[in-house]
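A closer look at the structure
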Amino acid sequence: MSHKADVKRFNELFAPHMNAAYNLARWLTGSESAAHDVVQESALRAFRFMNRFTGGNARAWLLAIVRNQSYTWLKQSAGNKWVNIGDEIAEDDIALGDMETPELTAMRSQDAALLHKALAALLPQFREVIILKELEDMAYKDIATVVDIPLGTVMSRLARARVMLKTELLKLYGHE
């Protein structure tokens, strides 16, 4: 493939998902400048290794790269303070929350600042599934691809994340 053809393919497959890439990087790194750096590095990697993308969901493929780059950035910026996040939740440990998700309730009340604060309080493995599902509207199977965990773990982690987010929001609203 020529360079021009590669650029055209990249623009068709991945360029439409740069806002989602930035949103995920911003939430995972907690920094606008880091998110820009992560997205730039992720786009470069996606372009460089585009031949490995053989079809499927281009958005999920790109966001998996963004996720990995975000955690690489966090490890580098944290130095020795970094602790690897393990999969501490058993797949069958599903904490069922209300059907009305707390993040939608907060958005409806137009209190985005409290929602952001509550999301930031969640551990990264819970924050990322909430961001991918509720803010990026990704399917469970695509989240499983991005986060590289089984589908059942996605559902379990999302249910736990919703309960944790609801608890955080209640604290912020003073309803402990």
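Residues numbered from 1 in each chain as written. Predicted model: local features only at pLDDT ≥ 70, side-chain atom pairs only at ≥ 80, totals over all residues. Heavy atoms only, no water.

A closer look at the environment of Val-154
On the secondary structure map, Val-154 appears in helix 9 (residues 151-172). The exposure class assigned to Val-154 is buried, which follows from its relative accessible area of 0%. Taking the C-alpha atoms as reference points, Val-154 and Asp-142, separated by 12 residues in sequence, lie 9.8 Å from one another. Setting aside its immediate chain neighbours within four residues, Val-154 contacts Tyr-140, Ile-143, Ala-144 and Ile-149. (Helix = DSSP H or I, 4+ residues; strand = E, 2+ residues; numbered from the N terminus. Buried < 20%, exposed > 50% of the residue type's maximum accessible area, 1.4 Å probe, protein only. Contact = heavy atoms within 4.5 Å.)

Points about the confidence of the model for the protein chain
Looking at the protein chain as a whole, the pLDDT averages 82, with 80% of positions reaching at least 70. Least confident of the elements in the protein chain is helix 5 (residues 102-108), whose mean pLDDT is 51; most confident is helix 8 (residues 140-147), at 95. Segment residues 80-99 is flagged for pLDDT under 50; beyond a separation of four residues in sequence, or across chains, it makes 28 contacts in the model. (pLDDT = per-residue confidence, 0-100.)

Notes on the packing of aromatic side chains
What the rule picks out here adds up to five aromatic pairs. Arranged with centres 5.4 Å apart and planes meeting at 55 degrees, the rings of Phe-53 and Trp-61 form a pair that is tilted. The buried category is assigned to Phe-53, whose relative accessible area is 6%. Taking the relative accessible area as the measure of exposure, Trp-61 reaches 21% and is therefore partly exposed. Pairwise contacts between aromatic rings join Phe-10, Phe-14, Phe-47, Phe-53 and Trp-61 into one cluster. It is Lys-133 that lies over the ring of Tyr-140; its NZ or CZ is 4.8 Å from the centre. (Phe/Tyr/Trp six-rings, centres within 6.5 Å; stacked < 30°, edge-to-face > 60°. Lys NZ or Arg CZ within 6 Å of the ring centre and 35° of its normal.)

A word on the pattern of salt bridges
Under the definition given, this model contains eight salt bridges. The partner of Lys-8 in a salt bridge is Glu-12, with the nearest N and O atoms 3.4 Å apart. On the criterion of helical spacing, the pair formed by Lys-8 and Glu-12 is a turn pair, its members being four residues apart in helix 1 (residues 3-13). A relative accessible area of 54% places Lys-8 in the exposed class. In this structure, the salt-bridge partner of Asp-142 is Lys-141, at a minimum N-O distance of 3.8 Å. Because the salt bridges share partners, they merge into one network encompassing Arg-67, Glu-128 and Arg-157. (Salt bridge = Lys/Arg side-chain N within 4 Å of Asp/Glu carboxyl O.)

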